[in-house]
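Fold and geometry: a report
Each chain, written out:
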Amino acid sequence: MSKGIILLSGGLDSLVSLGVGIEEYNIKLALTFDYGQKSAMQEKNASKAICDYYKIQHKVIKLDWLKDITHTSLVSDDKLPEGLNNPEISAKSVWVPNRNGLFLNIAGSFADGEGYDYILIGANKEEGMTFPDNTEDFIKRVNAEFEYSTRKKPEVIAPLINFDKNDIVKQALKYAVPLELTRSCYAGGEKHCGKCESCLRLKNALLKNGCENYIEVLF
Ligand SMILES: [Zn+2]
């Protein structure tokens, strides 16, 4: 029987990708990456709770060296940008070198070594406007790469690739995804900061869908 891996940060996009795809792609394993980002602890805790909820295996992969080769605000002491900025500023400020490429290739090794057929990623239309490694083109090219770099040839699937955040929350409601478990903030506080770009996108989408109840829990 085919089975799949999910790249899980615990953020809205990866959580909803899991909720939408868990049955169709028989997701059995979630990989969460700790690369020294400000919110690493919160992301690991959220991902663990999400895996417990869906009863799938959870693995944390440590990438200690990644923060040493970049100074973007996700990992450095620099202040995170606040508000919704233009894509160029955002991408530059929170860019982590080859992050999705690296994560997908690590998942590709798990797939190749342990016989997984699918790798799910939360790439979507809204993030794709800012980050080129969140686009359909990128996913296609990684799939082409796996034809050569793996024997298993796992398929990367992005169930949310045509959706913006508003649609993603709609999908979450449709699939009864436990949104109270998400952690979508770039900062490291106990609750969502409500000021960073990731928080604002989440908050706006929740508001548009009448989900004030989740806003109360998360912020
Ligand atoms: Zn935040």
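Up top is the structure.
Everything numeric here is computed off the predicted structure, so don't read it as measured data.

Rules of the game
- Residues numbered from 1 in each chain as written.
- Predicted model: local features only at pLDDT ≥ 70, side-chain atom pairs only at ≥ 80, totals over all residues.
- Helix = DSSP H or I, 4+ residues; strand = E, 2+ residues; numbered from the N terminus.
- Rg over C-alpha atoms; globule rule 2.2 N^0.38 Å.
- Buried ≥ 20, exposed ≤ 12 C-beta atoms within 10 Å, placed from the backbone.
- Expected span 1.5 Å × (residues − 1).
- Arc of directions from axis to C-beta.
- Contact = placed C-beta atoms within 7 Å.
- Axes fitted to C-alpha atoms, helices over the stretch in contact; angles between N-to-C directions.
- Parallel < 35°, antiparallel > 145°, perpendicular 65-115°, else oblique.
- Left-handed = near helix turned anticlockwise from the far one by under 90°.
- Nonpolar A, V, L, I, M, F, W, Y, C, P; charged D, E, K, R; others polar.
- Pairing = 2+ DSSP bridges.

**A word on the overall build of the protein chain**
Assigned secondary structure in the protein chain consists of nine helices and five strands. Listing each helix as α and each strand as β along the protein chain from the N terminus yields β-α-β-α-β-α-α-β-α-α-β-α-α-α. Taken over C-alpha atoms, the radius of gyration comes to 16 Å for the protein chain, in line with the 17 Å a tight globule of 219 residues would show. In terms of overall dimensions, the protein chain has a C-alpha envelope of 45 × 40 × 30 Å along the principal axes. Looking at the protein chain residue by residue over its 219 residues, the buried ones come to 43%.

**What to know about helix α4 (residues 99-114)**
The end-to-end C-alpha distance of α4 is 22 Å, a good match for the 22 Å that 16 residues give at a rise of 1.5 Å each. Along α4, the positions that sit buried rather than exposed are Asn 100, Phe 103, Leu 104, Ala 107, Gly 108 and Ala 111. The buried residues of α4 occupy an angular sector of 145° when the element is viewed end-on, so they sit on one face. In this structure, the buried residues of α4 make contact with β1 (4-7), β2 (27-34), β4 (118-120), α6 (136-149) and β5 (155-157).

**Here we look at unusual backbone geometry**
Phi is positive for Asn 98, close to 55°, though the residue is something other than glycine. Along the chain, Asn 98 turns up in the loop between α3 (87-94) and α4. For Lys 153, which is not glycine, the phi torsion reads 55° and is therefore positive. Mapped onto the secondary structure, Lys 153 falls in the loop between α6 and β5.

**Here we look at the packing of helix α1 (residues 12-21) against helix α7 (residues 165-174)**
For the pair α1 and α7, the least separation of the axes is 9 Å and the interaxial angle reads 40°. Classified by the angle between their axes, α1 and α7 sit oblique to one another. For the pair α1 and α7, the crossing hand works out as left-handed. Between α1 and α7, the contacting residues are Leu 12, Asp 13, Val 16, Gly 19 and Val 20 on the first element and Ile 168, Gln 171 and Ala 172 on the second. Partitioned by chemical class, the residues of the contact of α1 with α7 number five nonpolar, two polar and one charged.

**Focus on the environment of Ile 22**
With respect to the secondary-structure elements, Ile 22 resides in the loop between α1 and β2. Leaving out residues up to four positions away in the same chain, Ile 22 has contacts with Ile 27 and Tyr 54.

**Topic: the sheet that holds β2**
Sheet architecture is open: five strands sit in the order β3-β2-β1-β4-β5, paired in parallel fashion. Looking at which strands have only one partner, the edges of the open sheet turn out to be β3 (57-62) and β5. Ignoring which end each strand starts from, the neighbouring axes of this sheet average 25° apart. Bridge analysis of β2 against β3 gives six bridges, and the strand direction is parallel. Bridge pairing links Leu 31 to Lys 59 in β3. Across the sheet, α1 touches β1, β2, β4 and β5, and the angle it forms with β1 is around 160°. In this fold helix α2 (residues 40-54) packs onto β2 and β3, with an angle of close to 170° to the strand it touches most, β2.

**Re α1**
Most of α1 is tucked away: ten of the ten residues are buried. Restricting attention to buried positions, one finds in α1 the residues Leu 12, Asp 13, Ser 14, Leu 15, Val 16, Ser 17, Leu 18, Gly 19, Val 20 and Gly 21.

**A short note on the environment of Glu 114**
Within the fold, Glu 114 resides in helix α4. Given 12 C-beta atoms within 10 Å, Glu 114 falls into the exposed group. Measuring from C-alpha to C-alpha, the distance between Glu 114 and Lys 152 comes to 9.2 Å, with 38 residues separating the pair along the chain.

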